[in-house]
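Notes for the structure review
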Amino acid sequence: MNGRPEVLASEATELLRHIVEIPSPSYHEAALARYLVERLRSWGFTASVDPAGNVIGELDRGPGPTVLLLAHMDTAPGTPRVRCADGRLYGRGTVDAKGPLAAMVCAAVNAHSFRGRLRLVAAVEEETPGSRGATEYVRRGHRPDALIVGEPSGVDTVVLGYKGRLDLRYDVRCPAAHPTSPEPRATELAVLAWRSLLEMLGPASHAAFDRPGVTLTELSGDLTTASAHLTVRTPPDFDADACAEELRQRVGRGEVSVVHAVPACRVRRTDPVVRALTRAIRGQDLLPRAKVKTATSDMNTVAEYWEVPMATYGPGDSRLDHTEDEHIVLGEYHRSIAVLAEALTALSASLPATARPAPGAQGPGRAWAAPQGRLS
């Protein structure tokens, strides 16, 4: 180990419990960011908070590739009581995504045979439309040689891709009229927009990767003014602009605006990061699995900008995201640290190194969408 620090299982559990105990709902991540910077520095990282509020930590282990570990600090609202019971840690964020984030921190420290640069980004506002933390980082950051996104996949599973997301807002105003007037009311037009979107997209499903899933996330108004927020989880090759334009044509009155749009992303089983994680899972005597998910993550955001090997991995059962029963099995959390450490070591040996940027260098602009197609 050459005198390098080692995160023990007890310390890994302590780290996770501490960051879960610090509330960090979206837009309120600053206290957790300060704590993470302190802990990262104690384990040898250079660490700071960038202008967006992201925590940026780095371990420089000599010549070799740069591998980026990206997870998010923010959580959905809610404060389930933090407690340990029966080998499980309960609390908001244990699964989404403080468990994966803590596992990445520990794995980076413990990957003693890694040669190159390990960069950790703990991003803000992933749970909000726009994913501002990851978006700002990729717009300004230097492109890495490979990327692992920290989200709950399960200790034995690699996520190859995610559906995209289209957030629409419909606003309408109508002249005041008597309730018995035959003219449509604002609330009725908002409902018409929702129904029109459902008709346009045909059989929708939140369970199928190749079909859109639709949610009416907010509806408010009265006879004269109404607003509807509509979210579409989009499959590969979905045309967000055409969808918004068709909805405008169908409703006729009011305004349809695109609040946020990010396309679906998907990599193949032959991706170097997928291969490294798969071998590392098998090295833990687990049967590796691969899947795509019908939600959206920061992997979508990054895939818009960078053509680099990437995949998503992290401990936790995503079915527990945002629930009052959110918890992580600590044994699986510890095994995921070993998986990540082994995968990082494999990536440092298999990826070609690239020239390092000068201080303050900017990364490339948007140039790529993740490859689509069958899982192969």
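Details of the structure are given in the entry above.
Read on for a plain summary of the structure. (Residues numbered from 1 in each chain as written. Predicted model: local features only at pLDDT ≥ 70, side-chain atom pairs only at ≥ 80, totals over all residues. Heavy atoms only, no water.)

Let us look at the packing of helix H5 (residues 186-201) against helix H6 (residues 240-251). Axis separation between H5 and H6 bottoms out at 10 Å; the angle between their running directions is 125 degrees. Taken as axis vectors, H5 and H6 run oblique relative to one another. Relative to H6, the crossing made by H5 is right-handed. Listed contacts from H6 to Leu 192, Ala 193, Ser 196, Leu 197, Glu 199, Met 200 and Leu 201 of H5 are Cys 243, Glu 246, Leu 247, Arg 250 and Val 251. (Axes fitted to C-alpha atoms, helices over the stretch in contact; angles between N-to-C directions. Helix = DSSP H or I, 4+ residues; strand = E, 2+ residues; numbered from the N terminus. Parallel < 35°, antiparallel > 145°, perpendicular 65-115°, else oblique. Left-handed = near helix turned anticlockwise from the far one by under 90°. Contact = heavy atoms within 4.5 Å.)

This paragraph deals with unusual backbone geometry. Here the residue pair Asp 96 and Ala 97 is connected by a cis peptide bond, since its omega of 0 degrees sits within 30 degrees of zero. Here Glu 125, not a glycine, exhibits a phi torsion of approximately 60 degrees, which is positive. Counting through the fold element by element, Glu 125 comes out in the loop between strand E6 (117-123) and helix H4 (132-140). For Glu 125, a relative accessible area of 8% puts it in the buried group. Phi angles above zero are rare outside glycine, and His 322 is one such case at about 65 degrees. With respect to the helices and strands, the residue His 322 is situated in the loop between strand E15 (310-312) and strand E16 (327-329). (Buried < 20%, exposed > 50% of the residue type's maximum accessible area, 1.4 Å probe, protein only.)

This part is about the pattern of salt bridges. By the definition in use, this model includes 16 salt bridges. Among the ionic pairs, Arg 165 bridges to Asp 167, the shortest N-O distance being 2.9 Å. For Arg 248, the salt bridge goes to Glu 245, with nearest N and O atoms at 3.1 Å. Taken together, the residues span about one helical turn, with Arg 248 and Glu 245 both in helix H6 at a distance of 3 residues. Owing to a relative accessible area of 35%, Glu 245 belongs among the partly exposed residues under this scheme. Several salt bridges converge on common partners, so that one network encompasses Glu 58, Asp 60, Arg 117 and Arg 119. (Salt bridge = Lys/Arg side-chain N within 4 Å of Asp/Glu carboxyl O.)

With that settled, the discussion passes to the sheet that holds strand E12 (residues 255-262). Taken in spatial order, the 4 strands of this open sheet run E10-E11-E9-E12, and their pairing is antiparallel. Looking at which strands have only one partner, the edges of the open sheet turn out to be strand E10 (213-221) and E12. The sheet shows a mean angle of 15 degrees between the axes of neighbouring strands, taken without regard to direction. Direction of pairing for E10 relative to strand E11 (residues 225-234): antiparallel, over a ladder of 8 bridges. Directly across from Thr 215, in E11, lies its bridge partner Thr 231. (Pairing = 2+ DSSP bridges.)

This part covers the packing of aromatic side chains. Under the criterion given, the structure shown has 1 aromatic pair. Ring plane angle 85 degrees and centroid distance 6.3 Å describe the contact between Tyr 137 and Trp 306, whose orientation is recorded as edge-to-face. Placement of the pair is Tyr 137 in helix H4 and Trp 306 in the loop between helix H8 (298-303) and E15, with a sequence separation of 169 residues. In this structure Tyr 137 comes out as buried when scored by relative accessible area, which is 9%. (Phe/Tyr/Trp six-rings, centres within 6.5 Å; stacked < 30°, edge-to-face > 60°.)

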